[in-house]
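In case you want the letters, here they are:
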Amino acid sequence: MPLDLRTNEWQQESSAAKLWTSRPDGTVQCHLSPRNCVIKEGRAGFCRVRVNRGGELQTLNYGKSVAMTEESIETEAVYHFSPGARILSMGNIGCMMNCDYCHNWKTSQAVHVTDDTVHKYTPEQVVESALERGINVISWTYNDPVVWHEFVLDTASLAREHGIINLYKSAFFISLEGATELADVIDIFSLSLKSMDPAFYRRLTKGRLEPVLEATEYVFRRGRHVEVSNLVVTDANDTAEDAQKVAEWVVNALSPETPLHFVRFHPDYKYTQVGRTPIDRLERARQVALDTGIKYCYLGNVYDHPATHSYCPNCNAKVVERYGLVARPTGLDEEARCRSCQTKLPFVMVQKPKAAELPIQEVPADRIKERQQLWRGDVKAAHVEIDNHDDVARMVRVVVDGGGHDGEVIREVPIMAKSRFRVIVCKSFGDDRGVRVLAPEGVEVTCYEVFDRAHFPTLPAETAVTESDSVPLPLFVGMPSTRGAADAEV
Ligand code: SF4
């Protein structure tokens, strides 16, 4: 059943948008993304989160977010900035594109977003949450942060004042005006280049290639840390020629030292007629990129593969070992020098901040409950949502289940009184079969299966479990009617 844009509580309140002009006929034109939507009174743009109210452009999603989640920086396809760093991921609602194979369609396509997924945060709350957990990177991610422009700018500026680094993970179909404002406050851009074929963009993403290239080059020239990802979609953009065009552009427009990630696709949304990207096509893409001059090329969404590690180009020592979303930078020193041959490598290393001292009250062992979450097939990670109903701060611990590291603590999560928080946990070794979450009574734990990185799951594992371990839930069940909900000229 299609959702009506007016029936959700999250769509009621709106706040002033940036980057628009009014027109004599009462319509407004938005300049945030290159769609330049012209929007009539009472209607929304293509993204469905920017609306014309009373002849002014307003945003529906300021401060409205999916649950904030602690992850590792590798989740965002950032491998050369503080490997293994913990980040605070923030995602919102809507998107300026509509990719047929979107892995986050449940939140990126606003028509599917229901109130139970939406949380409200102020910039101060986001920054405070990072500081009290000792996290010094905030990641703007998931659906696409472009359409969250005003909240990203406000929060990122405040975060900077507190020494926090901002990471932006995006398809970057954005106007140059928007990119210019972002480059003032964002430190790391992890940008997703879908293809070098303009027809691919038009047909499968409803975006355009040229503005993406222009904005990416712009933030790179502004001296920001840039890494590029290319989701390799089975039978759509997975040939050697596709890989070569992407690699050539990165080498010539950015730098041979810009990390390039070829990322494995899983069937999702409207693109379920093919299987996951065959590993040999990803390996071929990587070889083509290396032959084209790319110095650091990685495979994403694959476990147990040599192309997930970083090697010293001088002595070939492994400087960062990765397993899934876990990074162990044991071959790099604090100055990003290879510990074997002392060569300086293009990694940015930042010091780990100290977490605030929280008034945690531990409880005796007989008041700790255990929640087991097992890996299955391609599900090798989970969001653990922790709800502290108690009126004192508590500690939740996540331990390895099975294998040689059974019982080892892999995450300690402080949780303030009467609050909720999510953390990602993942398969961390070759032989572990899952995790056990140890939580005091009064603290509720819900697990959400994560299919691949940068995927925000919306259904608890109990609801999502099916016979299949190769397609995530929920499944897209049809094309909702969009008539009357949005009225954009694009
Ligand atoms: S899609 Fe949204 S962000 Fe892009 S121009 Fe239209 S209203 Fe603005």
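What you see is a predicted model; the values in this text were computed from it and never measured. Numbering of residues starts from 1 in each chain and follows the order in which that chain's sequence is written. The predicted nature of this model means local features are confined to residues of pLDDT at least 70 and side-chain atom pairs, given and counted, to a pLDDT of 80 or more, with totals for whole chains, interfaces and linings taken over all residues. Neither water nor hydrogens contribute to the side-chain values; these are computed over all heavy atoms in the structure.

### A look at the overall build of the chain
Secondary structure follows DSSP: runs of H or I at least 4 residues long count as helices, runs of E at least 2 residues long count as strands, and numbering of each begins at the N terminus. Broken down by element type, the chain carries 9 helices and 27 strands. In this description the radius of gyration comes from C-alpha coordinates, and the expected globular size is given by 2.2 Å times residues to the power 0.38. For 490 residues, the compact-globule estimate of 2.2 N^0.38 gives 23 Å, and the C-alpha radius of gyration of the chain, at 22 Å, lies within 12% of that figure. Considered along the principal axes of its C-alpha atoms, the chain spans approximately 70 × 55 × 50 Å. Buried, partly exposed and exposed residues are distinguished by accessible area as a fraction of the type maximum, computed with a 1.4 Å probe on protein chains only: under 20%, between the cut-offs, and over 50%, respectively. Looking at the chain as a whole, 59% of its 490 residues qualify as buried. Residue contacts follow a heavy-atom distance rule, with two residues in contact if any of their heavy atoms lie within 4.5 Å. In the chain, the proportion of contacts linking residues at least 24 apart, taken out of those at least 6 apart, comes to 71%. Each accessible area value is a Shrake-Rupley result obtained with a 1.4 Å probe; residue values ignore everything except the protein chains displayed when judging cover. Accessible surface, the chain: about 19300 Å² in total, of which carbon and sulfur atoms supply 48%. Think of it this way: Lys and Arg go in the positive column, Asp and Glu in the negative one, and His and the chain ends go nowhere. Where a charge lies is defined by one atom per residue type, namely NZ (Lys), CZ (Arg), CG (Asp) and CD (Glu). When the 56 basic and 68 acidic side-chain charges of the chain are each reduced to a single mean position, those positions are 2 Å apart.

### Things to note about the sheet that holds strand β1 (residues 15–16)
What the 3 strands build is an open sheet, ordered β1-β6-β5; its pairing is antiparallel. With partners counted over all chains shown, the strands left at the sheet margins are β1 and β5 (50–53), one partner each. Bridge count between β1 and strand β6 (residues 56–59): 2 bridges; the pairing is antiparallel. Bridging from a neighbouring strand, Ser-15 pairs with Thr-59 of β6. Think of it this way: DSSP has to see at least two bridges between two strands before they count as a pair.

### Some thoughts on the pattern of salt bridges
A pairing counts as a salt bridge when a side-chain nitrogen of Lys or Arg comes within 4 Å of a carboxyl oxygen of Asp or Glu. Tallied over the entire structure, the rule returns 28 salt bridges. Among the salt bridges present, the one from Asp-387 reaches Arg-420, with a minimum N-O distance of 3.1 Å. Here the residue Asp-387 occupies a position in strand β21 (residues 381–388), and Arg-420 occupies one in strand β24 (residues 419–426), the gap between them amounting to 33 residues. The buried category is assigned to Asp-387, whose relative accessible area is 12%. Between Asp-390 and Arg-394 there is a salt bridge; the shortest N-O distance is 3.1 Å. The exposure class of Arg-394 is buried, given its relative accessible area of 6%. Here the salt bridges do not stand alone but share partners, grouping Glu-370, Asp-401, Asp-406, Arg-433 and Arg-436 into one network.

### Concerning the nonpolar core
Residues enter a nonpolar core if they are buried and are Ala, Val, Leu, Ile, Met, Phe, Trp, Tyr or Cys, with the set joined through side-chain atoms within 4.5 Å. Core analysis: the largest hydrophobic core is formed by 113 residues, its most contacted members being Trp-140, Tyr-168, Phe-172, Leu-193, Leu-260 and Phe-262. Counting residues per element, this core draws most heavily on helix α7 (residues 240–253), which supplies 7 residues. Apart from residues lying up to four places away in sequence, Tyr-168 is in contact with Trp-140, Pro-145, Val-146, Val-152, Ile-174, Leu-182, Ile-186, Ile-188, Phe-189, Ser-190 and Leu-191. One finds Tyr-298, Ala-327, Ala-336 and Phe-347 within the second-largest nonpolar core, a separate group that totals 13 residues.

### Quick look at helix α8 (residues 279–292)
Its 14 residues give α8 an end-to-end C-alpha distance of 20 Å, which sits within 8% of 20 Å, the value for a rise of 1.5 Å per residue. Among all positions of α8, only Leu-282, Ala-285, Val-288 and Ala-289 are buried. On an axial view of α8, the arc spanned by its buried residues comes to 125 degrees, and they lie on one face. With respect to the buried face of α8, the exposed residues turned more than 90 degrees away are Asp-280 and Asp-291. Of the surrounding secondary structure, the elements contacted by the buried residues of α8 are β14 (225–232), α7, β15 (260–264) and β16 (297–300). Phi turns positive one or two residues past the end of α8, at Gly-293, with a value near 120 degrees. Helices are assigned an expected span. That span is 1.5 Å times one less than the residue count. In this description, one arc is meant: the one made by directions from the helix axis to the C-beta atoms.

### Notes on helix α2 (residues 123–132)
The set of residues buried in α2 consists of Pro-123, Val-126, Val-127, Ser-129, Ala-130 and Glu-132. Next to the buried residues of α2 lie β9 (86–91), β11 (137–141), α3 (149–161) and β24. One or two positions beyond α2, positive phi appears at Gly-134, with a value near 70 degrees.

### Regarding the sheet that holds strand β17 (residues 310–311)
Here we have 3 strands laid out as an open sheet, ordered β17-β18-β19, and antiparallel in their pairing. The sheet is open, and its two edges are formed by β17 and β19 (326–328), each paired on a single side. As judged from the 2 bridges shared by β17 and strand β18 (residues 318–323), these two strands associate in the antiparallel manner. Bridging across to β18, Tyr-311 finds its partner in Lys-318.

### Focus on the domain arrangement of the chain
Domain annotation for the chain reports domain 1 (9–59), domain 2 (64–328) and domain 3 (365–450). Domains are outlined according to an automatic or database domain assignment. Distance from the C-alpha centre of domain 1 to the C-alpha centre of domain 2: 27 Å. Tallying the contact residues gives 18 residues for domain 1 and 29 residues for domain 2. In this description, buried area is defined as the sum, over both parts, of the accessible area (probe of 1.4 Å) that is lost when the two are combined. In total, domain 1 and domain 2 occlude about 1900 Å² of area from one another, counting both sides; carbon and sulfur atoms represent 58% of this. Contact with domain 2 buries area across many residues of domain 1, yet Trp-10, Leu-32 and Pro-34 alone supply 35% of it, more than any other trio. Inspection of the domain 1/domain 2 interface yields 3 salt bridges.

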